[in-house]
Amino acid sequence: MTETTVPDTVRFDLDGKAVEAMPGETIWQVADRLGTEIPHLCWKPSPGYRSDGNCRACMVEIEGERTLAASCIRTPTAGMTVRTASDRARASRKLVMELLVADQPPRRRAHAPDSTFWRFAEAQGVETSRFEPHGAETADVSHPGIAVNLDACIQCNLCVRACREVQVNDVIGLAYRGHHAKIVFDFDDAMGASTCVGCGECVQACPTGALMPKTALDEFGLFNGKADRRVESVCPYCGVGCQLTFNIKDDAIAWVDGREGPANANRLCVKGRYGFDYIANPQRLTRPLIRRDDAPKSASLPIDPSNPYTHFREASWEEALDRAAAGLLAIKAKHGGGGLAGFGSAKGSNEEAYLVQKLVRTGFGTNNVDHCTRLCHASSVAALMETIGSGAVTAGFREAENADVIVVIGANPTVNHPVAATFIKNAAKRGARLVVMDPRGQALTRHATHMLQFKPGTDVALLNAMMNVIVTEELFDRQYVDGFTEGFEALRASVAPFTPEAMSPICGIEPQRIRDVARLYAGAGRAIIFWGMGVSQHTHGTDNARCLISLALMCGQIGRPGTGLHPLRGQNNVQGASDAGLIPMMFPDYKLVENAEIHARFEAFWGTALDPNRGLTVVEITDAIHAGTIRGVYIMGENPAMSDPDQHHTRGALAKLEHLVVQDIFLTETAAFADVVLPASAFPEKTGTVTNTNRQVQMGRQALQPPGDARQDWWIVQEIARRMGLAWDYAGPAAVFAEMAAIMPSLANITWDRLEREGAVTYPCPGPDQPGKGVIFGDGFPTASGRGRFVPTEILPPDEIPDATFPLVLTTGRLLEHWHTGSMTRRASVLDAIEPDPHVHANPDDLHRWRVAPGEMVRVATRRGAIELAARSDPNVPPGVVFVPFCFAEAAVNFLTNPALDPYGKIPELKFAAARLDRHRDTTAANALTEAATDRVIEIITAGVADVPSARVIVGFNWTARRGTGGDRLRRHPEPSRRSLDDPGNRPLRWSTAVGACPSRRLGQPV
């Protein structure tokens, strides 16, 4: 460890006082640090922004120099004398401001009369200008969330730097010349038609109001007034954990600003910036509901969430809580604790997650408790626990800033973790080598030095081939392997057959490219690996993660700045909910329930007997419901009727339950099956802690009251617990956190008071007054031996592979604008306006081959069912693959996904299913062909073709069948195919007679 040296400072004179500047510090920064305000417009003193010096509003006078200097770009030298408020400097700055005011709307009609620009103009006594105006620009209101008013633009270029250098989206530029120069989006497109991703960084950077959040403006495009109050909190969406500020006006969130948190450095994405009016959606639950006696669960869907009274009646809290608890108690009395299960939520707080798992374990008497980690990173956690003894990341994503090589595999950060992606893009612009490995292309690809677009489901083949290169060429870190790992020789032997030449036909990557990337990673001074659900959501997901861990261990890329293993967590508190014990085989802090010593410790701590056996996971609970083992379930904030695979199976299980209690903010697809629905609080309506993907425990603060009679989630859980005989008496989240800290070593030295004071603390934290450790395991691992363990893997195929009937691969995931099952984002007006409808994404060459036009309605089918939606041309999707996001209830792709489980992580294979795509011949047909109509079709074709293969297969001709008021009709298209029925390229056309189906032609294979 080298000693930190104090850098040499620069002494100079500032306004008659001797001051010191740190190396690289500008005159403006020194003055600001010492409390002297110098006007500034093109300089934003925030992380990620460089000074530009183009506005000339910050001019200062330097003794002995002929011209004034822009203080934001000028660094002082020893002995320099600077005057910030000389007559000459003040006159120059005032003239600059007057010139700029000439082109502004009058302040009384300004879009942002309290902007940085007008504040500095007022300070210099400039309200009007003697100069002729340039001429007003037309307002651009094409974007759902951002108002563009270039009549207020001063061309400071802050928005350009925000877009190009901070967020690295490269949408905004300065175009044209001279008097005609202006800010443009892409090729001078309207903002709403451009490639803008809506992150709002430009809005937050703009000093004049030329770019504004629409929610801050009135119907005339004018500023609606200052916020009544500001509340600092945390974004409730992905696992990045961006800190933000809610600007509250008239008891509503008017707009949102990014805050300088440790994860985001002021940055936000489109969801964090514009995704909060869902809390005021008229479909919010505001009163407890009880199922009506005349509304059986089997008929629960479809249901209008804005009118729950077709299936439910309102109830008092007393009645609803009594009914909820009584139903659970009755099942426990008759069938024991094993007859019950509970789902907690990664969308809530740590305290809520802790209470849910404690309720299930101490009140229900079972370990049947789980949450959405089972559907995202359970296999990653299983592999990490097995190999390095910890289920959390070894380094935060901002360590990309210190890395020489960055590997992103099975993840799409620009969509799923947009702010984390900005730091990866920043690193690539700095010169780090970026390797993207994924079956689908993505926006990060254009920043990558290497893109390995391997075949779906072949991760192990590719990664083992890379390790083969590293081992055979002896590129591994021998000293690290000997000092910090075990099992290397077994791994060396296991990867011997996995040569790049042998694996290339399997994974689809040329041998030399495999070798190049393996050498690049092994030779890096500092390398970090990020992975997502493209790695974990497979039946071999644990093996995929084992390979990544082995790769890092053999190269010694753990435990130092710029190195590590980082599974990017999907939801805002999936890390914290897992830490808190929402896992069926783990108590809080990943302590095995089957370990007798740990079991006894928690029995003593909670003062009650506990189930000594591990519980069931999400999909296993569904199977147990069908088997009649589990009869009652309590669900807080989860939506398995959208998120779980094979929805026919899942929704059938929900309908079969004797008693279902759902606690949520909307009548979700899952709540539609409930016996009791309890209206809860949205994240901006509660106070509590959350833990992001970086292991940063952060404080979320309540900004608004829940609507109507909705209640705080922790209070609801406690009231159910009391009715089940538990003597709970928590005064609030702070008391719950204190109990968590008493039993969870990970929270050592992190107190509620400290979090309220500091906002965020990373665990593990060595002392109450010390920062937490962002990079861990530099001196060993929390395993029995203190060493990291190599686990060899073999190639395993996906549970089902494409065949003649289902020739495509279906994969699923998220969209930038929508999150999880869409219950929040699809009720957020800006987000839903940007991405309102479901689409199946397919390669443009495939669409051309299948004769499908973008926007045309198609049907995607697997062995479990079919959904209907529009086609979208997407060059990032490889041929033979289709991608469908899982947030659209009207085209719920999880009707199609495979529930087969990884044997270790118990995670379903959501990323790979054999599928086919059918093209609608008549999208207006509302009903399927009847048996009679189908027989008529067969009869007509049989008259012209001798050897029809079967009574329900139509072959060879381009026919459209229609059933309407004029009877069943069969129309033959011009120039039908006359190829032989024996021609293998002449595939059969199957006609569905299922209710609601439409005639269709199978695609994904030769016509």
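The shown structure was predicted, so the numbers you read here are calculated from the model rather than taken from an experiment.

Draft legend 1. Up close: the layout of surface pockets. Here the second largest pocket defines a volume of roughly 1,000 Å³. Those elements that provide at least two residues to the lining of the second largest pocket are helix H3 (116-123), helix H5 (201-205), strand E9 (211-213), strand E11 (243-249) and strand E12 (252-258). The element that contributes the greatest number of residues to the lining of the second largest pocket is E12, accounting for 4 residues. When its residues are assigned to classes, the lining of the second largest pocket shows 17 nonpolar, 11 polar and 8 charged.

Draft legend 2. Just the pattern of salt bridges, in detail. The final tally for this structure, using the stated rule, is 58 salt bridges. Here glutamate 868 makes a salt bridge to arginine 859, at a shortest N to O gap of 2.9 Å.

Draft legend 3. Geometry of the packing of helix H8 (residues 350-364) against helix H24 (residues 713-723). Running from amino to carboxyl end, H8 crosses H24 at an angle of 15°, the nearest separation of the two axes being 9 Å. By the criterion of interaxial angle, the relationship of H8 to H24 is roughly parallel. Classified by chirality, the crossing of H24 by H8 is left-handed. Judged by residue contacts, Glu352, Leu355, Val356 and Leu359 of H8 engage Asp713, Trp714, Val717, Ile720 and Ala721 from H24. Here the contact of H8 with H24 is built from residues that sort into 7 nonpolar, no polar and 2 charged.

Draft legend 4. Main features of the nonpolar core. Among the nonpolar cores identified, the biggest contains 99 residues, and Leu359 and Ile406 are the most heavily contacted of them. Not counting residues within four places of it along the chain, the set of residues in contact with leucine 359 comprises Phe364, Tyr634, Val717, Ile720, Ala721, Met724, Leu726 and Trp728. Counting residues in each nonpolar core, the second largest holds 56 residues, with Leu452, Met467, Leu491 and Met503 among its members.

Draft legend 5. Highlighting the pairing of strand E25 (residues 632-636). Where burial is concerned, most of E25 is hidden: 5 out of the 5 residues are buried. Side-chain alternation along E25 places Gly632, Tyr634 and Met636 on one buried face and Val633 and Ile635 on a second face that is also buried. When strand E15 (residues 340-343) meets E25, the two strands line up parallel, connected through 4 bridges. Bridge pairing in E25 places glycine 342 opposite tyrosine 634. In terms of strand pairing, E25 meets strand E26 (residues 659-664) through 5 bridges, oriented parallel. Bridge assignment links valine 633 to a residue of E26, and that residue is leucine 660.

Draft legend 6. Local environment of empty space enclosed by the protein. By the definition in use, this model includes 9 cavities of 30 Å³ or more. As a volume, the largest cavity reaches approximately 230 Å³. Class assignment of the residues belonging to the lining of the largest cavity gives a composition of 9 nonpolar, 8 polar and 5 charged.

Draft legend 7. Inspection of the pairing of strand E17 (residues 405-409) at higher detail. Of all 5 residues that make up E17, 5 are buried, and the element is covered over most of its length. Burial along E17 is two-sided: the face carrying Val405, Val407 and Ile409 and the face carrying Ile406 and Val408 are both buried. By the bridge criterion, 5 bridges tie E17 to strand E18 (residues 433-437) in an arrangement that is parallel. From the neighbouring strand, isoleucine 406 faces E18, where its bridge partner is leucine 434. Inspection of the sheet shows E17 paired to strand E21 (residues 527-531) by 5 bridges, in the parallel sense. Note that in E21 the partner of valine 407 across the bridge is isoleucine 529.

Draft legend 8. View of the environment of arginine 440. Note on placement: arginine 440 falls in the loop between E18 and strand E19 (450-452). Owing to a relative accessible area of 18%, arginine 440 belongs among the buried residues under this scheme. Along the chain, arginine 440 and alanine 341 lie 99 residues apart, while their C-alpha atoms are 37 Å from each other. Not counting residues up to four positions away in its chain, the partners in contact with arginine 440 are Asn412, Met451, Gln453, Thr811, Asn876, Val877, Pro878 and Phe883.

Draft legend 9. Spatial organisation of the sheet that holds E26. With respect to topology, 7 strands assemble into an open sheet ordered E14-E13-E27-E26-E25-E15-E16, the strand pairing being mixed. Every interior strand has two partners, whereas the edge strands, strand E14 (312-314) and strand E16 (369-370), have only one.

Draft legend 10. How the structure looks around helix H2 (residues 87-101). Its 15 residues give H2 an end-to-end C-alpha distance of 21 Å, which sits within 8% of 21 Å, the value for a rise of 1.5 Å per residue. Taken as a whole, H2 has its buried residues at Ala89, Arg93, Val96, Met97, Glu98, Leu100 and Val101. Lining the buried residues of H2 we find strand E3 (59-62), strand E5 (81-83) and H3.

Draft legend 11. A look at unusual backbone geometry. For the bond running from leucine 301 to proline 302, omega is 0°, close enough to zero to count as cis. Turning to its location among the elements, proline 302 is positioned in the loop between strand E13 (289-291) and E14. With omega at -5°, the peptide bond leading from tyrosine 763 into proline 764 counts as cis. Considering the arrangement of structural elements, one finds proline 764 in the loop between strand E30 (760-762) and strand E31 (788-789). One non-glycine residue, aspartate 15, lies in the positive phi region at around 55°. One can find aspartate 15 in the loop between strand E1 (10-14) and strand E2 (17-21). Residue class for aspartate 15 comes out partly exposed when judged on its relative accessible area of 35%.

Draft legend 12. Summary view of the packing of helix H12 (residues 459-472) against helix H14 (residues 488-495). Across the interface, H12 lies against H14 with an axial gap of 9 Å and an inter-helix angle of 110°. The angle between H12 and H14 falls in the class roughly perpendicular. Crossing geometry of H12 relative to H14 is assigned as left-handed. Of the residues in H14, those touching H12 at Asn464, Met467, Asn468 and Val471 are Phe488, Leu491, Arg492 and Val495. Its residues assigned to classes, the contact of H12 with H14 shows 5 nonpolar, 2 polar and 1 charged.

Draft legend 13. Local environment of the side chain of serine 380. Looking at the secondary structure, you find serine 380 in helix H9 (residues 378-388). In this structure the side chain of serine 380 is engaged in a polar contact, spanning 2.8 Å, whose partner is the side chain of histidine 377. There is a polar contact of 2.8 Å between the side chain of serine 380 and the side chain of tryptophan 531. Those residues within four positions of serine 380 in sequence are excluded, and the remaining contacts are Trp531, Ser536, Ala545 and Pro567.

Draft legend 14. Looking closely at the sheet that holds strand E28 (residues 688-691). Spatially, the 3 strands line up as an open sheet ordered E28-E29-E30, and their pairing is antiparallel. Here the strands that pair on one side only, and so sit at the sheet edges, are E28 and E30. Sheet twist, expressed as the mean angle between neighbouring strand axes with direction ignored, is 25°. In terms of strand pairing, strand E29 (residues 696-700) meets E30 through 3 bridges, oriented antiparallel. Bridging across to E30, glutamine 698 finds its partner in alanine 760. In the packing of H8 onto the sheet, the strands contacted are E28 and E29, and the crossing angle to E28 comes to about 90°.

Draft legend 15. Looking closely at helix H25 (residues 733-743). Three or more residues of H25 are buried, namely Pro733, Val736, Phe737, Glu739, Met740 and Ile743. Around the axis of H25, the buried residues are gathered within 160° of arc, so they sit on the same side. Among the structural elements, H8, helix H20 (596-606), E28, E29, H24 and helix H26 (752-758) are those in contact with the buried residues of H25.

Draft legend 16. Expanded view of the side chain of glutamine 712. Inspection of the secondary structure puts glutamine 712 in the loop between E29 and H24. Beyond its immediate stretch of four places on either side in the chain, glutamine 712 contacts Ser681, Glu685, Lys686, Gln702 and Pro706.

Scoring rules and cut-offs
Position numbers for residues count from 1 along each chain, tracking the sequence in the order it is written. A pLDDT threshold of at least 70 governs which residues receive local features in this predicted model, and a stricter bar of 80 or more applies before side-chain atom pairs are shown or counted, although totals over entire chains, interfaces and linings include all residues. Side-chain measures were taken over the full set of non-hydrogen atoms in the model, leaving aside hydrogen atoms and water. In this analysis a 1.4 Å probe is tested at points of a 1 Å grid over the protein atoms alone, and where it fits but cannot get out there is a cavity; an open set with protein on both sides within 12 Å along at least five of seven lines is a pocket; lining residues have an atom within 4 Å of a point. Grid points are joined across faces, edges and corners, and a volume is the space filled by probe spheres set on the points. What counts as a helix is a DSSP run of H or I of at least four residues, what counts as a strand is a run of E of at least two, and both are numbered from the N terminus. Asp, Glu, Lys and Arg are counted as charged, while Ala, Val, Leu, Ile, Met, Phe, Trp, Tyr, Cys and Pro are counted as nonpolar; the rest, among them Gly, fall into the polar class. One speaks of a salt bridge when a side-chain nitrogen belonging to Lys or Arg is within 4 Å of a carboxyl oxygen belonging to Asp or Glu. Every axis in this analysis is a line fitted to C-alpha atoms, fitted for helices over the stretch in contact. Angles between the N-to-C directions lie between 0 and 180 degrees. Working rule for angles: under 35 degrees goes down as roughly parallel, over 145 as roughly antiparallel, 65 to 115 as roughly perpendicular, anything else as oblique. Handedness of a crossing is defined here by the sense of rotation of the near helix relative to the far one, left-handed for an anticlockwise turn of less than a right angle and right-handed for a clockwise turn. Two residues qualify as a contact provided that any one of their heavy atoms is within 4.5 Å of a heavy atom in the partner residue. What is meant by a nonpolar core is a set of buried Ala, Val, Leu, Ile, Met, Phe, Trp, Tyr and Cys residues, joined one to another through side-chain atoms within 4.5 Å. For each residue, the accessible area found with a 1.4 Å probe, counting protein chains only, is set against the maximum for its type, and the residue is called buried under 20%, exposed over 50%, and partly exposed in between. A pair of strands is labelled paired if DSSP reports no fewer than 2 bridges between them. Expected span, for any helix, means 1.5 Å times one less than how many residues it has. A 3.5 Å cut-off defines polar contacts: any pair of N or O atoms within that distance qualifies, except that in protein one atom must be a possible hydrogen donor and the other a possible acceptor, and neighbouring residues in sequence count only when both atoms are side-chain atoms. Working note: the arc is built from the helix axis to C-beta atom directions.

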